[in-house]
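Tertiary structure, described
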Amino acid sequence: NSKVIQTPRYLVKGQGQKAKMRCIPEKGHPVVFWYQQNKNNEFKFLINFQNQEVLQQIDMTEKRFSAECPSNSPCSLEIQSSEAGDSALYLCASSPRGSQNTLYFGAGTRLSVL
Amino acid sequence: TQTVSQSDAHVTVFEGDSVELRCNYSYGGSIYLSWYIQHHGHGLQFLLKYYSGNPVVQGVNGFEAEFSKSDSSFHLRKASVHWSDSAVYFCAALNTGYQNFYFGKGTSLTVIP
């Protein structure tokens, strides 16, 4: 079973509000991904990190979304000004050294923007 | 552009039946292929993966998948399903440039007891 911990499980925000969610990757996993899963089960890659460094991020992430993975602290994903279209399940996944082709997912944070 | 397609949005079978969930990919280079399962309200759990070698790979809970380069496929199979196998199954591809994973839209499997 995955040991990736995501908090909170549910998040409700009004439009324009900030929304912040956290992820603790499995111990020893240097790579962390954030995905957005919409109600149609479509996955959108947002950003990934190796240790504290950003590997890749989508253009959208650079505008309203921000993310970080500081050492000795949980990773976080923050939406500066939430929009209705941001309502989705946000999944964090980590990957172990030497086996970066396997993802271990957390349970997700379900964001509802009213 | 790399894509992963799962042609069946929903599959319904009876407990004890065999099942095959289909996955096709399009990518010219070397890729890793994986299957994940998502139970309602939970994150995804890894089932199995393929990169090279024996095209039939075994996973957890009796699942296996077979890679076919000629068909660009990586179908998931189970010989005898259990009601607890009811979930959404996602096929995923990762190119060896290791940027990010591409997921199919999932196949919802319902197993009738």
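Thresholds, definitions, all that
Residues numbered from 1 in each chain as written. Chains lettered and ligands numbered in written order. Predicted model: local features only at pLDDT ≥ 70, side-chain atom pairs only at ≥ 80, totals over all residues. Heavy atoms only, no water. Contact = heavy atoms within 4.5 Å. Buried area = accessible area lost by both parts, 1.4 Å probe. Salt bridge = Lys/Arg side-chain N within 4 Å of Asp/Glu carboxyl O. Polar contact = N/O pair within 3.5 Å; in protein donor to acceptor, adjacent residues only side chain to side chain. Helix = DSSP H or I, 4+ residues; strand = E, 2+ residues; numbered from the N terminus. Phe/Tyr/Trp six-rings, centres within 6.5 Å; stacked < 30°, edge-to-face > 60°. Buried < 20%, exposed > 50% of the residue type's maximum accessible area, 1.4 Å probe, protein only. Pairing = 2+ DSSP bridges. Axes fitted to C-alpha atoms, helices over the stretch in contact; angles between N-to-C directions.

With respect to the interface of chain A and chain B
If you look at the interface, chain A gives 25 residues, while chain B gives 21 residues. Area buried by chain A at its contact with chain B is led by Phe43, Asn101 and Phe105 of chain A, which between them contribute 30% of it. A salt bridge links Lys105 of chain B to Glu42 of chain A; the shortest N-O distance between them is 3.1 Å. Along the contact surface separating chain A from chain B lie six residue pairs in polar contact (both at pLDDT 80 or more). At the level of elements, β4 (31-37), β5 (43-50), β6 (53-57) and β9 (88-95) of chain A are the ones that each hand at least two residues to the side of chain A that touches chain B.

Some remarks on the packing of aromatic side chains
One pass over the structure, following the stated rule, counts 18 aromatic pairs over all chains. Look at Phe33 of chain A and Tyr35 of chain A: their rings are 6.0 Å apart centre to centre, the planes differ by 10°, and that puts the pair in the stacked class. Comparing Phe33 of chain A with Tyr35 of chain A shows no difference in burial state: the two are buried. Summarising the aromatic geometry, the rings of Tyr50 of chain B and Phe74 of chain B are spaced 6.3 Å apart at their centres and angled 40° between planes, so their arrangement reads as tilted. Note that Tyr50 of chain B is positioned in strand β6 (residues 44-50) and Phe74 of chain B in strand β9 (residues 73-78), a separation of 24 residues in sequence. A single burial state applies to Tyr50 of chain B and to Phe74 of chain B, both of which are buried. Among the aromatic residues, those joined into a ring-pair cluster are Phe33, Tyr35, Phe43, Phe45 and Phe105 of chain A together with Tyr36, Phe46, Phe90, Phe101 and Phe103 of chain B.

A few points about the sheet that holds strand β7 (residues 65-68) of chain A
Residue and element names in this part refer to chain A. What the four strands build is an open sheet, ordered β1-β3-β8-β7; its pairing is antiparallel. Each having just a single partner strand, β1 (5-7) and β7 make up the two edges of the open sheet. Within this sheet the neighbouring strands show an average axis-to-axis angle of 15°, counted without direction. Pairing of strand β3 (residues 19-24) with strand β8 (residues 75-79) involves five bridges; the strand directions are antiparallel. Looking at the pairing, Met21 lines up with Leu77 of β8.

With respect to the pairing of β6 of chain B
All names here are of chain B. Two elements, strand β5 (residues 31-38) and β6, share six bridges in a ladder whose sense is antiparallel. Looking across to β6, one finds that Trp35 is bridged to Leu48. Linking two consecutive strands that pair antiparallel, namely β5 and β6, is a turn of five residues; a positive phi of about 80° is found at Gly41 within it.

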